[in-house]
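Geometric and topological summary
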Amino acid sequence: MTIPAPVNPRPAGHALVEALVAQGVHTCFGVPGESYLAVLDGFHQHRDHIRFIACRQEGGAAFMADAQGKLSGRPGICFVTRGPGATNASIGVHTAFQDSTPMILFVGQVASDQRDREAFQELDYRQMFGPGTLGMAKWAAQVDSAERLPEYIARAFHVALQGRPGPVVLALPEDMLTTLITAPVLPRVVPARAWPAPGGLRELRERLMKARRPLLIAGGSGWDAEAAAALQRFAENWQLPVANGFRFQDTFDNRHPLYAGDVGIGINPKLAERVRDADLIIALGLRLGEMTTGGYTLLQAPRPAQQLVHIHAGPEELGRVYAADLLLQSSMASAAKALEAVAAPPAPLPWAEHAAAAQADYRANLVAPEVAPLDMAVVVKTLQRLLPEDTVYTNGAGNYSGWLHRYCQYPGLQHHGRTQLAPTSGAMGYGLPAAVAAALLHPQRWVLNLTGDGDFLMNGQELATAMGYGAKKLISVVVDNGSYGTIRMHQEREYPGRVSGSDLYNPDFAALARAYGWQAETLDHTAAFEPALQRALAASGPTLLHLKLNVDVSTSRSTLSAMRDAALARLGH
Ligand SMILES: Cc1ncc(C[n+]2csc(CCOP(=O)(O)OP(=O)(O)O)c2C)c(N)n1
């Protein structure tokens, strides 16, 4: 993309857009505000190089930017206005933080001569968003000097991409944006990478040579296709069983004979056992968070029973919870290549049987018990059979996502980049905007959003954004069980039979989607799904498939009534 030569002096708001184009950004998401009209004018000025997608709520816009960050590996870009816009967008910043997604949120700010008066919609974004490792943003700053705007933007790209990737927030005072400047456009940011220390790699090899039941768990962000291919070769050289971390299920190819399954919510109990029983865990690229460690029990915190080697790009994650045996700070792009070069052992390996058993357990877990009248396992398998391999699958939070996590087989990152967009933050409302973003950014690919009735309506307004900007190969499957089912499940386990605050009163989802211009169908039994999906695939625009599911069919492993009965028995009723 050629950078438009700046015509000096020009408003800082225009320079900001030029800087984004220079960084390779061609699409931004946001909701407009009077606080940053000079930037909007910059988008108009440079409309041949960059587009601004006007979303219907900042939560949706920020999720779209997170999805853009996940798909591209470069910061997703979101623009919002002062207080109300920034507070709405905060869910996306939190998600990008927990998911280690590179992202930049630009926030319009009150003019400098009004600052600190609690002027209209004024907030201090530096205080609101962090920074800190338990914060929301990696870095939150305010650009007070218009001439220094390019410096702040370049730094924002570096911070978002380097180490553990994450979100940055830049506040833009209104008068700063209208100031005329002559500052040059800075070149595209190439993030600095860390390489694992050679001594550490030697030690890793020695530990592997002594291991009997090793397991590699891969995930996190900062991967590229080459690194993913190198990871696969490393696994093959050592015949290592590989699991993927929670909602990083697309890291290692799920169809590979060394794949062992995903370590997350609803983990295959056999895999959980295997993690516990491993004598060496190599955690590659991912945080060892609550969801990936089974609430810090699969790996006992702070000192795990297994030997632990943790390789991560961010020094703050290394040794954060666990007293590991070996810590290596490295970006994924370099770590996987370094691992691939570690000299393989002389055959045969003592864990060949262990790796084969891990794969057999994974495959057995793909076999689903039959459920009537609507079988969600069959729904997911039908999606996988009919949709192309490079389809992007998105979801938010809710029990319904468990069917996707269990039955969807994601190709590894080396094949089509990210094919799973799902929040490790567990944020409801993520899946639909993420799907809209994916469909607008990659119009040649199919995008499938699986969502719950609670989850969907948290950002259902983005159906309009999809229509307005011409998304086509987009399907949203709404699983309607009339309940915030996950919460109902927890209630039945803890307070059996005492349903409180978890029932939902739903609209006719198909009629709602049609009102937005989508095609839509409602169905309630398995046999109706495949023909409905065929029609969606043949349609000229996006389709919503509204699935009516009995609330009792709660997860891929159990029913509400079984959980309630077990809880009642436990409580002696
Ligand atoms: C933004 C947000 N609010 C609340 C929650 C807590 N929560 C987790 S799952 C869930 C219910 C999801 O309901 P639904 O989308 O209908 O899916 P189901 O569990 O019924 O399959 C809730 C309320 C959350 N994770 N995120």
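Heads up: the structure comes first, above all this text.
The structure presented is a predicted model; accordingly, all values stated were derived computationally and were not measured. Once a new chain begins, its residue numbering starts again from 1 and follows that chain's sequence as written. It should be noted that, the model being predicted, local features are given only for residues of pLDDT at least 70 and side-chain atom pairs only at 80 or more, the latter also being counted only at that level, while totals for whole chains, interfaces and linings use all residues. Think of the side-chain values as coming from all heavy atoms in the structure, minus any hydrogens and water.

The next subject is the overall build of the protein chain. Of regular secondary structure, the protein chain possesses 22 helices and 20 strands. We compute the radius of gyration over the C-alpha atoms and compare it with the globule rule, which gives 2.2 Å times the number of residues raised to the power 0.38. Relative to the 2.2 N^0.38 estimate, which gives 25 Å for 573 residues, the radius of gyration of the protein chain is 24 Å and therefore close to what a compact globule would have. Projecting the C-alpha coordinates of the protein chain onto the three principal axes gives extents of approximately 70 × 60 × 45 Å. Burial statistics for the protein chain: of 573 residues in total, 58% are counted as buried. Per the convention used, a helix needs a DSSP run of H or I reaching at least four residues, while a strand needs a run of E reaching at least two, with both numbered from the N terminus. Exposure categories follow from relative accessible area, calculated using a 1.4 Å probe and restricted to protein chains: below 20% of the type maximum is buried, above 50% is exposed, and the middle band is partly exposed.

The next thing to look at is the side chain of S90. Assignment of secondary structure puts S90 in helix 4 (residues 83–99). We classify S90 as buried; its relative accessible area is 17%. Contacts of S90, omitting those with residues within four sequence positions, involve M128, F129 and M136. Every residue pair with non-hydrogen atoms within 4.5 Å of one another is taken to be in contact.

For the rest of this paragraph, the subject is the sheet that holds strand 4 (residues 76–80). Two strands make a pair as long as DSSP finds a minimum of two bridges between them. The strand order across the open sheet formed by six strands is 3-2-4-5-7-6, and the pairing between neighbours is parallel. Of all the strands in the sheet, just strand 3 (51–54) and strand 6 (139–142) have a single pairing partner and so form its edges. Strand-to-strand twist across the sheet, computed as the mean angle between neighbouring axes with direction ignored, equals 25°. Pairing of strand 2 (residues 27–30) with strand 3 involves four bridges; the strand directions are parallel. Note on strand 3: the bridge partner recorded for T27 is R51. Where helix 4 meets the sheet, it contacts strand 4, strand 5 (103–109) and strand 7 (167–173), and its direction lies at approximately 165° from that of strand 5. Convention adopted: a line fitted to C-alpha atoms gives each axis, helices being fitted over their contacting stretch, and angles between N-to-C directions are expressed from 0 to 180 degrees.

Let's shift gears to the pairing of strand 2. Put simply, side chains in a regular strand alternate between the two faces of the sheet. The two faces of strand 2 match: T27 and F29 on one face and C28 and G30 on the other face are all buried. For the handedness criterion, the β-α-β arrangement of strand 2, helix 2 (residues 37–45) and strand 3 is classed as right-handed. Bridge analysis of strand 2 against strand 4 gives two bridges, and the strand direction is parallel. Note on strand 4: the bridge partner recorded for F29 is C78. Here a crossover is taken to be right-handed if, once the strands point away from the viewer, the path from the first strand over the helix to the second is traced clockwise.

Read from one edge of the open sheet, six strands run 11-10-9-12-13-14, paired in parallel fashion. Either end of the sheet is taken by a strand with one partner, and the two such strands are strand 11 (259–263) and strand 14 (326–329). This sheet shows a mean twist of 20° between the axes of neighbouring strands, independent of strand direction. Direction of pairing for strand 9 (residues 214–218) relative to strand 12 (residues 280–284): parallel, over a ladder of five bridges.

We call a residue near a molecule or strand whenever a single non-hydrogen atom of that residue lies within 4 Å of it. In the region of the ligand, 17 residues are neighbours, and G426, D453, D455, G485 and T486 sit closest. Contacts described as polar in this section are N or O atom pairs within 3.5 Å, which, within protein, must combine one atom able to donate a hydrogen with one able to accept it, while residues neighboring in sequence count only if both atoms come from side chains. Between the ligand and S483, the relevant distance is 2.9 Å, taken from an oxygen atom to a main-chain nitrogen or oxygen of the residue. Summarising the interface, the protein chains cover 77% of the accessible area of the ligand, which totals 590 Å² for the free molecule. For the shell around the ligand, the elements supplying multiple residues, two or more each, are helix 17 (453–457) and helix 19 (485–494). Here the shell around the ligand is built from residues that sort into six nonpolar, nine polar and two charged. Accessibility throughout is a Shrake-Rupley quantity obtained with a 1.4 Å probe, and a residue counts as covered only by protein chains that appear here. Note on residue classes: Ala, Val, Leu, Ile, Met, Phe, Trp, Tyr, Cys and Pro are nonpolar, Asp, Glu, Lys and Arg are charged, and everything else, Gly too, is polar.

Here we take up helix 3 (residues 58–72). A helix is expected to reach a length of 1.5 Å times the quantity of its residues less one. Taking 1.5 Å of rise per residue, the 15 residues of helix 3 would be expected to cover 21 Å, and the 21 Å separating its terminal C-alpha atoms lies within 8% of that figure. Burial analysis of helix 3 places 14 of its 15 residues in the buried class, which makes it a mostly covered element. N-capping of helix 3 is provided by Q57, with a side-chain oxygen placed 2.5 Å from the backbone N of G59. Following helix 3 by one or two positions, G73 has its phi on the positive side, about 75°.

We now examine the nonpolar core. Counting 53 residues, the largest nonpolar core has L105, F129, V169 and L474 as the members making the most contacts within it. It is helix 16 (residues 431–441) that provides the largest number of residues to this core, a total of nine residues. Once residues lying within four places of it in the same chain are set aside, the contact partners of F129 are A86, S90, V93, L105, G135, M136, A137, A140 and V169. Formed by 39 residues, the second largest nonpolar core is a distinct cluster that contains Y36, V39, L172 and V189. The criterion is simple. A nonpolar core is a set of buried Ala, Val, Leu, Ile, Met, Phe, Trp, Tyr and Cys residues joined through side-chain atoms within 4.5 Å.

The next subject is the packing of helix 1 (residues 12–22) against helix 6 (residues 149–161). Two elements in contact, helix 1 and helix 6, have axes separated by 10 Å at closest approach and are oriented at 35°. As helix 1 runs across helix 6, the sense of the crossing is right-handed. Where helix 1 approaches helix 6, its residues A12, L16, A19 and L20 are matched on the opposing element by L149, I153 and F157. Here is the rule for handedness: rotate from the far helix to the near one, and if that takes an anticlockwise turn smaller than a right angle the crossing is left-handed, while a clockwise turn gives right-handed.

Two aromatic rings from Phe, Tyr or Trp, using only the six-membered ring of Trp, form a pair when their centres are within 6.5 Å; if the ring planes differ by under 30 degrees the pair is stacked, by over 60 it is edge-to-face, and anything between is tilted. Tallied over the full model, the rule gives twelve aromatic pairs. Measuring from ring centre to ring centre gives 4.7 Å for F79 and F106, while their planes differ by 15°; the resulting arrangement is stacked. With F79 in strand 4 and F106 in strand 5, this pair connects stretches of sequence that are 27 residues apart. Judged on exposure class, the residue F79 and its partner F106 are both buried. Between the aromatic rings of W139 and Y152, the centroid separation amounts to 6.1 Å while the plane-to-plane angle is 5°, which identifies the pairing as stacked. Taken together, the residues W139 in strand 6 and Y152 in helix 6 connect sequence positions 13 residues apart. Overall, the relative accessible area of 11% leaves W139 in the buried class. One aromatic cluster is present, built from ring pairs that chain together Y36, F43, F52, F79 and F106. A ring is considered to have a charge above it if a Lys NZ or an Arg CZ atom is located within 6 Å of its centre and within 35 degrees of its normal. Directly above the aromatic system of F97 lies the positively charged group of R164, at a separation of 4.9 Å from the ring centroid.

Position of S502 relative to the elements: it lies in the loop between helix 19 and helix 20 (509–515). Between the C-alpha atom of S502 and that of S483, which follows or precedes it by 19 residues, the distance is 5.7 Å. At a separation of 2.8 Å, a polar atom in the side chain of S502 contacts the side chain of Q491.

The quantities given are spatial measurements derived from coordinates; they are silent on function.
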